[in-house]
Amino acid sequence: MSAGIQIRLHQRLGAFALDAELDLPGRGVIAVFGPSGSGKTTLLRWIAGLQPTVDGVLRVNGECWQDGASRIRVPAHRRAVGYVFQHTVLFPHLDVRGKLEFGLRRVPAGARRVALAQAVEMLAIAHLLDRATHGLSGGERQRIGIARALLTSPRLLLLDEPLAALDLARKQEVLPYLERLHAELDIPVFYVSHAPDEVARLADHLVLLEAGQLRAEGPLGATLARLDLPIRLGEDAGVVLEGRIAERDMHWQLARVATPAGALWVRDGGQAIGQAARIRILARDVSVARVLQHSSILNTLPAQVCEIASDSHPALTLLRLRVGQAEVLARLTRRSADELALAAGNTVWVQIKAVAVL
Amino acid sequence: MPGPDDWSAIRLTLALATLTVSLLLLLGTPIAWWLARSRSWWKGPVGALVALPIVLPPTVLGFYLLLALGPQGPLGHLTQALGLGLLPFTFPGLVVASVFYSLPFVVQPLQNAFEAIGEGPLETAATLRAGPWDRFFHVALPLARPGLLSGAVLGFAHTIGEFGIVLMIGGNIPGRTRVVSMQIYNHVEALEYGAAHALAGGLLVFSFLVLMAMHALGGSRRVWR
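No experiment lies behind these values; they were computed from the predicted model shown.

(A) Representation of a nonpolar patch on the surface within the structure. A cluster of nonpolar side chains, Leu49(B), Leu52(B), Ile54(B) and Val55(B), forms an exposed patch at the surface whose accessible area comes to about 400 Å². Taking the relative accessible area as the measure of exposure, Leu52(B) reaches 35% and is therefore partly exposed.

See below:
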């Protein structure tokens, strides 16, 4: 039995068509990214068995959930998915404990891999257990919805914009729990979002949908560095690097992060040495120089220009540069690129004005 | 003070209403569920058929039921073939007529309640491993509780208040088919206004209380999200 998630989906819904052929890793967070109406939610609903179509193929880590040619379509309630909806529907006739146990009780005891206490602890909702539905905040509702989904011991977790209905403060409240899921669960997670910062923070693998068509798909770092795509991310074009805290400078309150691109100094966030750190570098925060300059910019690294492409605005251009073992995007004006006479293969210095530790 | 005949009519009426509502909840719940969820072409005609007793004079319904249940009618043939005899002018006949007559009063609140649930809770339940029957009994029915209650109360009250259809099918037989509304009619015919008052006033107060209870139920209805 092959690991991984195999999707062959060609669905027509009136004027809208959804086409996706995907072979995805069987673990980690798969971000499904795209503008509203691109078919992200439809894809998730189809995976969960909530769409009435019988066509298409879906295999999840060796289990066949759907195969149109063989008329196989496992009904929604027999698919081991945990689904967290954008607007969580909590059953008002049950208290919080009852809501959490609803799915748990329907999973045979031998197949349970998540205990109530475990899910309650993971999402910090112990104090809510005996509460009724009304009076719960949006953030609390989503945390209960996530715990409820986890308690069905899913083999696949589907998160459909779990933060979209929340204000910024509530987002900050729930996001750490999602990161914890990412770190502690060994099941694949589909994470639908149209917020680039959430994707950069949580995803390992990226699926880009546009108007129902698959635009791109691949590991997060490589996909973000592709020049034919960042246009879709607009202002937020940039790359994500996985690094590790290598040094802390108490005097200047800085931390050195070892990344595939080289050493980067960031503000010291209190992380211990050796801790993993995910770093995001936006294209607009990267500038390029021919010669090493003495400037205020802390992080200057040697780089090689790989590719030059047009950007969303005609005045701008996007550069893909190889920096150490990694690739970084830089957004320049076309005029600057012309004055520096940049061409693929040139050796330059990149100056990184801002590095965000996620 | 109500006499022994009055008490007999009251007992008969309560028995009729209780039995009718019980049957209607069994029969009306699947009909309401189907009407709420189906996209079939038949939804329109079936919905109209269920609603007919609201607009038809009870005598029209009673007349056709009398023909259908009679010795020459299709239902009459059936009941005779099953060894049940003929239903007109019997208590079971009254129950059958009441079930038809009060059907919309149970089905419509239930249908509205089922429709108000929407797809969200049922889909959520499906992703939480609940199969179709499980979803119906443990999500749809509990969420439709206000509709279930108001349907039961309305059906009960409506059955107690019926007259025309009882007259056509029941035939005003003391102790067997003479319900409260008939008994009031008999008292008035006999110019026994005092006795008529006792029953009529009781019915009036009962109906008022029922509608008050309905209002209270409606007020406690909570948003399901």
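(B) The arrangement of the sheet that holds strand E13 (residues 254–259) of chain A in detail. Residue and element names in this part refer to chain A. Taken in spatial order, the five strands line up as E14-E13-E12-E15-E21 in an open sheet, and their pairing is antiparallel. Sheet topology places strand E14 (262–267) and strand E21 (356–357) at the edges, where each strand pairs with a single neighbour. Bridging between E13 and E14 involves six bridges; their strand directions are antiparallel. Its bridge partner lying in E14, Ala-258 is registered against Ala-263.

(C) Quick peek at the environment of Val355(A). Residue and element names in this part refer to chain A. Among the secondary structure elements, Val-355 is positioned in the loop between strand E20 (347–352) and E21. Distance from Val-355 to Ile-281, taken between C-alpha atoms, is 5.4 Å for residues 74 residues apart in sequence. Sequence-distant contacts of Val-355, that is, excluding residues within four places in its chain, are made with Val-266, Ile-279, Arg-280 and Asn-299.

(D) Geometry of the interface of chain A and chain B. Taken together, the contact between chain A and chain B spans 26 residues of the former and 22 residues of the latter. Interface area, chain A with chain B, both sides summed: about 2,000 Å², of which 61% is carbon and sulfur. Considering only the side of chain A, the residues that lose the most area to chain B are His77(A), Val89(A) and Arg106(A), jointly responsible for 30% of the buried surface there. At the surface where chain A touches chain B, the tally comes to two salt bridges. Arg45(A) serves as the salt-bridge partner of Glu123(B), at 2.7 Å between the closest nitrogen and oxygen. Counting across the interface, chain A meets chain B through six residue pairs in polar contact (both at pLDDT 80 or more).

(E) Region of the structure containing the pairing of strand E4 (residues 57–60) of chain A. All names here are of chain A. Pairing geometry for strand E1 (residues 5–13) and E4, over four bridges, is antiparallel. From the neighbouring strand, Ile-5 faces E4, where its bridge partner is Val-60. For E4 and strand E5 (residues 63–67), the ladder comprises four bridges, and the chain directions are antiparallel. Bridging from a neighbouring strand, Val-60 pairs with Glu-63 of E5. Connecting E4 to the next strand, E5, in antiparallel fashion are two residues, including Asn-61 with a positive phi near 45 degrees.

What counts and what doesn't
Sequence positions are assigned chain by chain, starting from 1 and proceeding in written order. Each chain takes a letter, starting from A, and each ligand takes a number, starting from 1, following the order in which they are written. Local features are withheld for residues below a pLDDT of 70 in this predicted model, meaning they are given only at 70 or higher, and side-chain atom pairs are given and counted only at 80 or more; totals for whole chains, interfaces and linings count all residues. Computation of side-chain values: all heavy atoms of the structure, hydrogens and water removed. Patches draw on residues past 30% relative accessible area with no salt bridge. Two like charges within 9 Å are joined, as are two nonpolar side chains (Val, Leu, Ile, Met, Phe, Trp, Tyr) within 5 Å. For the accessible areas, the method is Shrake-Rupley and the probe is 1.4 Å, while residue cover comes only from the protein chains on display. Within this document, salt bridges are pairs made up of a side-chain nitrogen of Lys or Arg and a carboxyl oxygen of Asp or Glu, the two lying within 4 Å of each other. Only protein chains enter the area calculation, which uses a 1.4 Å probe; residues under 20% of their type maximum are buried, those over 50% are exposed, and those in between are partly exposed. In this scheme, strands are said to pair when DSSP sees at least two bridges between them. Note on conventions: DSSP H or I runs of at least 4 residues are helices, E runs of at least 2 residues are strands, and numbering of each starts at the N terminus. In this analysis, two residues are considered to be in contact whenever any of their non-hydrogen atoms come within 4.5 Å of each other. Note on definitions: buried area is the accessible-area loss of two parts on being combined, 1.4 Å probe, summed for both. Between N or O atoms, a polar contact is any pair within 3.5 Å; within protein, one atom must be a potential hydrogen donor and the other a potential acceptor, and residues adjacent in sequence are included only when both atoms are from side chains.

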